Amino acid sequence: MNDLKTKVVKVDPDNIDLNVLQEAAEIINNGGLVVFPTETVYGLGADALNEDACAKVFEAKGRPQDNPLIVHIIDINDLNTIVEEIPSNARILAKNFWPGPLTMLFKRKPIIKDIVTAGLDTVGIRMPKNKIALELIRLSKTPIAAPSANTSGKPSPTEASHVIEDLYGKVDMIIDGGSTSIGLESSVVDVTVDIPMILRPGGVTSEDIKSVLGSCDYDPAIIKNDEKIIPRSPGQKYRHYSPKAKVITYKGSINKMVEQIQKDCKLYLDNGSKVGIMATDQTKNNYQQGIVSSIGDRNNPITIASNLFRQLRNFDKLGVDVILSESFEEQNIGKAIMNRLGKASSEIKTLPNFNLLLICTGNTCRSCIAEGIIKNVLYNKNLPIDVCSAGISAIDGESASKYAVEALKEINIDISNYKSKVINDKMLEKANLILTMTEKHKHILLRTNKEISDKIYTFKEYVNSDVSLDILDPYGQDLDVYRKCRDEIKESVNNVISKIHL
Ligand code: TXA
Ligand code: MG
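Residues numbered from 1 in each chain as written. Chains lettered and ligands numbered in written order. Predicted model: local features only at pLDDT ≥ 70, side-chain atom pairs only at ≥ 80, totals over all residues. Heavy atoms only, no water.

**Q** What's the story with the environment of L324 in this structure? I'm lost.
**A** Within the secondary structure, L324 is located in strand β15 (residues 322-325). With 198 residues separating them in the primary sequence, L324 and R126 have C-alpha atoms 34 Å apart. Look past the residues within four positions of L324 in its chain and what remains in contact with it is I248, Y250, I261, D264, C265, Y268, V275, G276, I277 and M278. (Helix = DSSP H or I, 4+ residues; strand = E, 2+ residues; numbered from the N terminus. Contact = heavy atoms within 4.5 Å.)

See the structure below:
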């Protein structure tokens, strides 16, 4: 199917030409296909109640028949005609995030045919936050089924030129409304279960959902890297978002990623391949070879989300054979970024984690408090750092001191199962960084281990404290002293981590 005369029309979202949208609505009502912008990516729209029109969507995209379409509406009341029930969680989510990048799954009414849902008994529905999209649905007076307007398997389109590349001659009209703002598709969330479950991470994050409903799960298939678990969202089965070039993604500390990408880049170049490097504002100047492009600012991940698909397509235009990409923190929108990047990649290289060793005397107070606090921060940030602690004159297998456990419990960190360890040569050798609680600990270790001199600091020296270099010793004292010690460590932890990471 490549024989339609496609009309490409520019529409200014701030000054919408209703005549154009009226024409587009007529195409929809006559069973035709119209591509329109949304705040996430461009959508390939058809009348969701017209089976023949929906069949054309599959054909134009080359989409597998088992992958259902999302239905777009403009009013929450539109749900009444197409879904059996609206669970209370769905109402709350709609109130907070519609219009916006959230697709919810509902039990469908028979008016929604098998072609739309690929035979599933649920239908995915969303209200887009884009004036052109909303106006088109309003004028069409029907819900619009619209997958992303790309050829199946390719990166989703974030500008009209991407759509033209993929679908020119296969659709009736392409409405060019400029670049989409979010740049990644909506989150797909099953609200038919008690705890809402994210089947595809996207613009509305698990953190957002938890902030209004208190809880939110992920489909295990999208967090565990296990091909045996079948994703609940059919679209997540496929390798996806792939440019022509082979994509390799590196996971690890920023320094390690940059180092490994440089090495691999050289190998590919020596073999005559053209190499693209997907870097960030923070790292782009560290690469000397390859075609280096910053995808955005690590401190502002929405910039990375909005550039990801564009960047993958750009590398194809430049004719690179292989794209070497850094990876990003998997929190908030980072979860969706890494989901798409993972699906675009044919290989993910996980580099060894950074190894942080914390030292005190008995490993039952200060160093295990520090370990607990740092692990907690790392867990939330999903950073590639391993932490362990040990004591210079510790006894193996002792519990953390009672007040250490209590002081951390007050900030929701559980170290009640902690067991102390004596320091050994292997630990010192394996560590990339050793932080001692006092200067004395540092000197004792250095006396017998000169080779660690370039990676050992006192905790406070490492974060440039200009007061004392020692962390207060709470051993044998009351709970208040433990709290002070905890707070002293807690204050500096983010500094320690950001210093390691960059
Ligand atoms: O942001 C977006 O969601 C864009 C814009 C155009 O709205 N649309 C989009 O559609 O990304 P599409 O078709 O490319 O992706 C829809 C995803 C697919 O992974 C599909 O498997 C899943 O949603 N999905 C749709 N209905 C579903 C259902 N009933 N059960 C499970 N997954 C469903
Ligand atoms: Mg898609």
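Still more ground to cover, so stick around.
**Q** What exactly am I supposed to notice about the packing of aromatic side chains here?
**A** Two aromatic rings, taken as a pair, are described by how far apart their centres are and by the angle between their planes. A complete count under the given rule lists two aromatic pairs for this structure. Plain terms: the ring middles of Y403 and Y482 are 5.8 Å apart, the flat faces sit at 65° to each other, and that makes the pair edge-to-face. Of this pair, Y403 sits in helix α14 (residues 402-409) while Y482 sits in helix α18 (residues 479-501), placing them 79 residues apart in sequence. According to the relative accessible area criterion, Y482 is buried, its value standing at 3%. When the ring centre of Y218 is taken as reference, the NZ or CZ atom of K335 above it lies at 4.9 Å. (Phe/Tyr/Trp six-rings, centres within 6.5 Å; stacked < 30°, edge-to-face > 60°. Buried < 20%, exposed > 50% of the residue type's maximum accessible area, 1.4 Å probe, protein only. Lys NZ or Arg CZ within 6 Å of the ring centre and 35° of its normal.)

**Q** Just to check I follow, could you spell out a nonpolar patch on the surface for this structure?
**A** Taken together, the side chains of V8, I164 and Y168 make up a nonpolar region of the molecular surface, amounting to roughly 250 Å² of accessible area. Relative to the assigned elements, V8 resides in strand β1 (residues 7-10). (Patch = residues over 30% accessible without salt bridge, like charges linked within 9 Å, V, L, I, M, F, W, Y side chains within 5 Å. Areas by Shrake-Rupley, 256 points an atom, 1.4 Å probe, with all protein chains shown as cover. Salt bridge = Lys/Arg side-chain N within 4 Å of Asp/Glu carboxyl O.)

**Q** Which parts of the structure should I look at to understand the sheet that holds strand β8 (residues 173-176)?
**A** In any sheet, the strands associate via hydrogen bonds between backbone groups, in a parallel or an antiparallel arrangement. Taken in spatial order, the eleven strands of this open sheet run β1-β8-β2-β3-β7-β4-β6-β5-β9-β10-β11, and their pairing is mixed. Looking at strand neighbours, the two that pair on one side only are β1 and β11 (217-218), the edges of this open sheet. Bridge count between β1 and β8: four bridges; the pairing is parallel. What sits directly across from K7, in β8, is M173. Set on the sheet, helix α2 (residues 51-61) makes contact with β3 (43-47) and β7 (144-145); between it and β3 the angle comes to about 155°. (Pairing = 2+ DSSP bridges. Axes fitted to C-alpha atoms, helices over the stretch in contact; angles between N-to-C directions.)

**Q** Whenever I open this one, the side chain of K442 confuses me. Can you help?
**A** With respect to the secondary-structure elements, K442 resides in helix α16 (residues 439-448). Under the relative-accessibility criterion, K442 is labelled buried at 12%. Excluding residues that lie within four positions of it along the chain, K442 makes contacts with T436, I456, Y457, T458 and E461.

**Q** Sorry if this is basic, but what is going on with the site of ligand 1 here?
**A** The full set close to ligand 1 counts 25 residues, and T40, R63, N67, H72 and S186 are the nearest of them. A distance of 2.7 Å separates an oxygen atom of ligand 1 from a polar atom in the side chain of H72. G235 is positioned with one of its backbone polar atoms (N or O) 2.8 Å from an oxygen atom of ligand 1. With the chains in place, 97% of the 680 Å² that ligand 1 exposes on its own is no longer accessible. Looking at the shell around ligand 1, the elements that each hand over two or more residues are β4 (70-72) and β6 (122-126). Here the shell around ligand 1 is built from residues that sort into eleven nonpolar, nine polar and five charged. (Near = heavy atom within 4 Å. Polar contact = N/O pair within 3.5 Å; in protein donor to acceptor, adjacent residues only side chain to side chain. Nonpolar A, V, L, I, M, F, W, Y, C, P; charged D, E, K, R; others polar.)

**Q** Can you help me understand the pattern of salt bridges in this one?
**A** Oppositely charged side chains are able to pair whenever their charged atoms sit close together. By the definition in use, this model includes 28 salt bridges. A salt bridge links D166 to K154, with the shortest nitrogen-to-oxygen separation between them at 3.1 Å. Of this pair, D166 sits in helix α7 (residues 160-167) while K154 is found in the loop between β7 and α7, placing the two residues twelve residues apart along the sequence. Using a relative accessible area of 6% as the deciding quantity, one classes D166 as buried. Assessed through its relative accessible area of 25%, K154 is described here as partly exposed. Across the salt bridge formed by E371 and K375, the nearest N and O atoms sit 2.6 Å from each other. With E371 and K375 both in helix α13 (residues 366-381) and four residues apart, this pair spans about one turn of that helix. Among the charged side chains, a network of salt bridges with common partners joins K154, E165, D166, R313 and K317.

**Q** Just checking my understanding: could you explain the packing of helix α1 (residues 18-29) against helix α6 (residues 131-140) for this structure?
**A** The packing of two helices is summarised by the inter-axis angle and the distance between the axes. The interhelical angle for the contact between α1 and α6, taken along N-to-C directions, is 55°, at an axis separation of 8 Å. Classified by the angle their axes make, α1 and α6 are oblique. Considering the relative orientation of α1 and α6, their crossing is right-handed. Note on element contacts: α6 touches α1 through I132, E135, L136, L139 and S140, opposite L18, L21, Q22, A24, A25, I28 and N29. (Parallel < 35°, antiparallel > 145°, perpendicular 65-115°, else oblique. Left-handed = near helix turned anticlockwise from the far one by under 90°.)

It is worth stressing that arrangement in space is one thing and function is another; only the former is reported here.
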